[in-house]
Amino acid sequence: MNKCIFCEIRDGECPAHIIWEDEKLLAFLDAHPFNPGHTLLVTKKHVDDIFDLDDELYSSLFLAAKQLSEPLKKATNAKRIGVAIEGLSVPHVHIHLVPIRKASDLNPQRAKDASDEELAEICEKIRKEISE
Ligand SMILES: [Zn+2]
């Protein structure tokens, strides 16, 4: 079976701007952000459907989303961190954490390619907020 893109990122086989990780979870910037700072929080374990996660990992995932929201908000001057879960484009559990100013910022049609420089810059800002 071929690895999915998130498993490749987890294994360092595909480059990504990683903002945070622990033993079970990984957070990196979406290369096609709806807004700058758009982050994907994923489980390191490949599971297709978020509702198939065991309760412990499911809870850890949402606690991590909460903990990342404040540094994300500060680094991007966002009003809120929007949360979206669909799992259709990549069948590996992930939560979109999107810095937003209005509800329509969560529209996937807003996604556009970000340059590596843009991603590196926002990545550094977020990492700095996380470490403070
Ligand atoms: Zn995977």
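What counts, and at which threshold
- Residues numbered from 1 in each chain as written.
- Predicted model: local features only at pLDDT ≥ 70, side-chain atom pairs only at ≥ 80, totals over all residues.
- Heavy atoms only, no water.
- Pairing = 2+ DSSP bridges.
- Helix = DSSP H or I, 4+ residues; strand = E, 2+ residues; numbered from the N terminus.
- Axes fitted to C-alpha atoms, helices over the stretch in contact; angles between N-to-C directions.
- Core = buried A, V, L, I, M, F, W, Y, C linked by side-chain atoms within 4.5 Å.
- Buried < 20%, exposed > 50% of the residue type's maximum accessible area, 1.4 Å probe, protein only.
- Contact = heavy atoms within 4.5 Å.
- Parallel < 35°, antiparallel > 145°, perpendicular 65-115°, else oblique.
- Left-handed = near helix turned anticlockwise from the far one by under 90°.
- Nonpolar A, V, L, I, M, F, W, Y, C, P; charged D, E, K, R; others polar.

Visitor: Explain the sheet that holds strand β1 (residues 18-21) here, please?
Guide: The strands that make up a sheet are held in pairs by hydrogen bonds between backbone atoms, and each pair lies either parallel or antiparallel. If you trace the 5 strands from one edge of the open sheet to the other, you get β1-β2-β3-β5-β4, paired in antiparallel fashion. Every other strand in the sheet has two partners, leaving β1 and β4 (80-84) as the edge strands with one partner each. Averaged over all adjacent pairs, the angle separating strand axes in this sheet is 20 degrees, with direction ignored. As defined by bridge partners, β1 adjoins strand β2 (residues 25-29) across 3 bridges and the pair is classed as antiparallel. Note that in β2 the partner of Trp20 across the bridge is Ala27.

Visitor: What exactly am I supposed to notice about the nonpolar core here?
Guide: Within soluble globular proteins, side chains that are nonpolar generally end up buried alongside one another. Counting 24 residues, the largest nonpolar core has Leu41, Leu61 and Leu97 as its most contacted members. If you list the elements that add at least two residues to this core, you get β2, α2 (55-76), β5 (94-100) and α3 (116-131). Among the elements that line this core, the one with the most residues is α2, at 7 residues. Setting aside residues no more than four positions away along its own chain, Leu97 makes contact with Gly37, His38, Thr39, Leu41, Ala65, Leu68, Leu72, Ile81, Gly82 and Val83. Counting residues in each nonpolar core, the second largest holds 10 residues, with Cys4, Cys7, Phe28 and Val42 among its members.

Visitor: Honestly, the packing of α2 against α3 in this entry has me stumped. Any pointers?
Guide: Relative orientation and spacing of two packed helices are given, respectively, by the angle between their axes and the distance between those axes. Look at α2 against α3: their axes get within 8 Å of each other, and the N-to-C directions meet at 130 degrees. With respect to their mutual orientation, α2 and α3 come out oblique. Two packed elements cross with a definite hand, and for α2 against α3 that hand is right-handed. In this structure, α2 contributes Leu68, Pro71, Leu72, Lys74, Ala75 and Thr76 to the contact, and α3 contributes Ile122, Lys125, Ile126, Glu129 and Ile130. Considered class by class, the residues forming the contact of α2 with α3 number 7 nonpolar, 1 polar and 3 charged.

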